[in-house]
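# Coordinate analysis (summary)
Spelled out, the chains give:
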Amino acid sequence: MAMPSVAQEFTFNLHHFLGPKAPAHHAMLEPWAKRIEEASDGRVKIEIYPAMSLGGTPPELIRQVRDGVVDLVWTLNGYTPGLFPRTEAFELPNVHFNDPVATNLALAELFDEHLAEEHVGVKVLFQHVHAGQAIHTADTEVHSPSDLQGKTLRTPTRTGAWVVEALGANPVSMPVPDFPQALSRGVVDGGLVPFEIVPALQLQDLTDYQIELADGGRLGTSVFQVSMNLDRWNSLPEDIQKVFLDNSDEEWLREVGQIWASFETVGQKIIGNAGNSHINLTPEESAAFTVAMDTVVNRWIEEAGSKGIDAENLVKAAQEKIAAHSK
């Protein structure tokens, strides 16, 4: 006879690609896991394995959780181009501006209608974004797209590559842990990353310039997910499922957005203390970037639409939801 669920214990491993000193690990994933453990009265235990310590490479994380190699992952959707085409709409420039709370809530509200079907083999517990991509360069001062002409920039995602191309530069896709070495070897001239990653990668020592649009505007963002293997999820009793869901709700999404926004301030302070040039473009300078970004949005709508996605309406819905939730 099976024991009542109150007497059962459930242990999960959570695999991700950043180190234990990264803010995502100690300020988001660890507190989330602790809350679930406490809310379960100790019946749930989540062991976190950072820096791909269970093996594989970052792009393999989603396959690991789908195949049941691991129970849970935190991963970047864009590391596996083509698997999450609808979710890309929320990464686009001129869709996401710089408010992660607003985009987190929009992702959740539109998930069932627009996004759920592409998350095969997993139970998505929550998705979120970071504050958005700023331009970080080794030695290039940037005030217009022409300043990036012919430069090589690291990008995290497919849509990020389109942003780089729209600015006249050459994109190189790579997981963020590879970015510092690429900079130090001169493989890239810079890249698109948020400020939060600066301390984890010591980018203040590898770059001289950080550039963002007027009013802290960014060139798109990246979507992340925390997901569980679907078979493992379906095997759990309802009370344990509820613990996970209750601690991955709207309140948590707001908190996650605020956490990631706060990371930006830390990164900006570090680059300032290092003597780097933090360039906030004027509205007039930003306008040229906004025009270039419109071509990225239109390119995405055309391509996604050709695959049967209601792309134009999805972009419109994302923009409206994000605007409604923005500060």
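Residues numbered from 1 in each chain as written. Predicted model: local features only at pLDDT ≥ 70, side-chain atom pairs only at ≥ 80, totals over all residues. Heavy atoms only, no water.

### So, the side chain of Asp 99
We apply this condition: Strands are runs of DSSP state E lasting at least two residues, helices are runs of H or I lasting at least four, and both sets are numbered from the N terminus onward. Each polar contact in these results corresponds to two N or O atoms within 3.5 Å; when the atoms are within protein, one needs to be able to donate a hydrogen and the other to accept it, and residues that are neighboring in sequence are counted only if both atoms are side-chain atoms. Two residues qualify as a contact provided that any one of their heavy atoms is within 4.5 Å of a heavy atom in the partner residue.
By secondary structure assignment, the location of Asp 99 is in the loop between strand 3 (72–76) and helix 3 (100–115). A polar contact of 3.1 Å, which involves the side chain of Asp 99, links it to the backbone nitrogen of Val 101. When sequence neighbours within four positions are dropped, the list of residues in contact with Asp 99 reads His 325, Ser 326 and Lys 327.

### Re the sheet that holds strand 5 (residues 134–137)
The line we're drawing: Note on pairing: DSSP must find at least two bridges between two strands before they are called paired. Under this scheme, a helix contributes an axis fitted over its contacting stretch, all axes are lines through C-alpha atoms, and angles between N-to-C directions fall in the 0 to 180 degree range.
In space, the six strands of this open sheet follow the order 7-6-8-5-9-11, with mixed pairing throughout. Each of the sheet's edge strands pairs with one partner strand only, and the pair in question is strand 7 (170–173) and strand 11 (277–280). Strand-to-strand twist across the sheet, computed as the mean angle between neighbouring axes with direction ignored, equals 25 degrees. The pairing of strand 5 with strand 9 (residues 209–212) spans three bridges and is antiparallel. For His 136, the partnering residue across the bridge sits in strand 9 and is Gln 210.

### A few points about the sheet that holds strand 10 (residues 223–229)
Strand order in the open sheet formed by five strands is 2-1-3-10-4, and the pairing between neighbours is mixed. The sheet terminates laterally at strand 2 (44–49) and strand 4 (122–129), the two strands that pair on one side only. The average angle at which neighbouring strand axes cross in this sheet is 20 degrees, direction not considered. Sheet topology places strand 3 next to strand 10; five bridges connect them, and they run antiparallel. Paired with Leu 72 across the strands is Met 228, a residue of strand 10. Its contacts with the sheet put helix 3 on strand 4 and strand 10, and the angle it makes with strand 4 is roughly 150 degrees.

### Here's the deal with the side chain of Thr 159
When you line up the elements, Thr 159 lands in helix 4 (residues 158–166). A polar atom in the side chain of Thr 159 sits 2.8 Å from the side chain of Glu 91. Apart from the residues within four sequence positions on either side, Thr 159 is in contact with Glu 88, Glu 91, Leu 92, Val 296 and Trp 300.

### Topic: helix 8 (residues 238–246)
Each α-helix turn comprises 3.6 residues. Residues three or four places apart therefore point the same way. In plain terms, the rule: For the exposure calls, accessible area comes from a 1.4 Å probe over protein chains only, and a residue counts as buried if that area is under 20% of its type's maximum, exposed if over 50%, partly exposed in between. The reported arc concerns the directions from the helix axis to the C-beta atoms and nothing else.
Those residues of helix 8 lying buried are Ile 240, Gln 241, Val 243 and Phe 244. The arc that holds every buried residue of helix 8, seen down its axis, measures 155 degrees, which confines them to one face. Those residues of helix 8 that are exposed and aimed more than 90 degrees away from the buried face are Glu 238 and Lys 242. The secondary structure elements touched by the buried residues of helix 8 are strand 1 (10–15), helix 1 (23–39), strand 2, strand 4, strand 10 and helix 7 (230–235).

### So, the nonpolar core
For clarity, the cut-off: Put simply, a nonpolar core is a bunch of buried Ala, Val, Leu, Ile, Met, Phe, Trp, Tyr and Cys residues held in one set by side-chain atoms that sit within 4.5 Å of each other.
Among the nonpolar cores identified, the biggest contains 103 residues, and Phe 17, Trp 32, Ile 46, Trp 74, Phe 90, Phe 244 and Trp 300 are the most heavily contacted of them. Discounting chain neighbours no more than four positions away, the residues touching Trp 300 are Pro 85, Arg 86, Glu 88, Ala 89, Leu 92, Arg 158, Thr 159, Trp 162, Gly 305, Ala 311, Leu 314 and Val 315.

### Focus on the pairing of strand 8 (residues 190–193)
The side-chain alternation of strand 8 yields two buried faces, one formed by Gly 190 and Leu 192 and the other by Gly 191 and Val 193. Bridge count for strand 6 (residues 152–155) against strand 8 is two bridges, and the pairing is parallel. Residue Leu 153 lies in a different strand from strand 8, and its bridge partner there is Gly 190.

### What to know about the packing of aromatic side chains
Put simply, the rule is: Pairing of aromatic rings covers Phe, Tyr and the six-membered ring of Trp, with a centre-to-centre limit of 6.5 Å; geometry is then stacked below 30 degrees between planes, edge-to-face above 60, and tilted otherwise.
If you walk through the whole model with that rule in mind, you get 11 aromatic pairs. Ring centres of Phe 17 and Tyr 79 lie 5.2 Å apart, and the angle between their planes is 70 degrees; on these two criteria the pair is classed as edge-to-face. On the criterion of sequence distance, the pair formed by Phe 17 in the loop between strand 1 and helix 1 and Tyr 79 in the loop between strand 3 and helix 3 is long-range, its members being 62 residues apart. This pair shows no difference in class: Phe 17 is buried, exactly as Tyr 79 is. The structure contains a cluster of three or more aromatic residues connected by ring pairs, namely Phe 12, Trp 32, Phe 126, Trp 233, Phe 244 and Trp 252.

### With respect to unusual backbone geometry
One non-glycine residue, Asp 41, lies in positive phi territory at about 55 degrees. Mapped onto the elements, Asp 41 comes out in the loop between helix 1 and strand 2. With phi around 55 degrees, Ala 51 is a residue other than glycine that occupies positive phi space. Examined against the element boundaries, Ala 51 turns out to sit in the loop between strand 2 and helix 2 (61–66).

### Things to note about the pairing of strand 4
Strand residues, when the strand is regular, have side chains that alternate between the two faces of the sheet. Most of strand 4 sits out of view: seven of its eight residues are buried. The pairing of strand 4 with strand 10 spans seven bridges and is classified as antiparallel. Counted as the bridge partner of His 128 is Phe 224 from strand 10.

### Concerning the environment of Thr 221
In this structure, Thr 221 sits in the loop between strand 9 and strand 10. A sequence separation of 121 residues divides Thr 221 from Pro 100, and the C-alpha atoms of the two residues are 8.9 Å apart. Among residues more than four places away in sequence, those in contact with Thr 221 are Phe 90, Glu 91, His 96, Val 129, His 130, Ala 131, Gly 132 and Gln 133. In terms of polar contacts, Thr 221 uses its side chain to reach the backbone carbonyl oxygen of His 130, at 2.9 Å.

### Concerning the packing of helix 1 against helix 9 (residues 250–273)
Put simply, the rule is: Each angle receives one of four descriptions, namely roughly parallel if under 35 degrees, roughly antiparallel if over 145, roughly perpendicular if within 65 to 115, and oblique otherwise. Crossing handedness is defined as follows: a turn of the near helix away from the far one that is anticlockwise and smaller than a right angle gives a left-handed crossing, while the clockwise case is right-handed.
Between helix 1 and helix 9, the shortest axis-to-axis distance is 10 Å and the interhelical angle comes to 160 degrees. When the interaxial angle is binned, helix 1 and helix 9 end up roughly antiparallel. Where helix 1 crosses over helix 9, the handedness of that crossing is right-handed. In contact with Pro 23, Ala 24, Ala 27, Met 28, Trp 32 and Arg 35 of helix 1, helix 9 contributes Trp 252, Glu 255, Val 256, Ile 259, Trp 260 and Phe 263.

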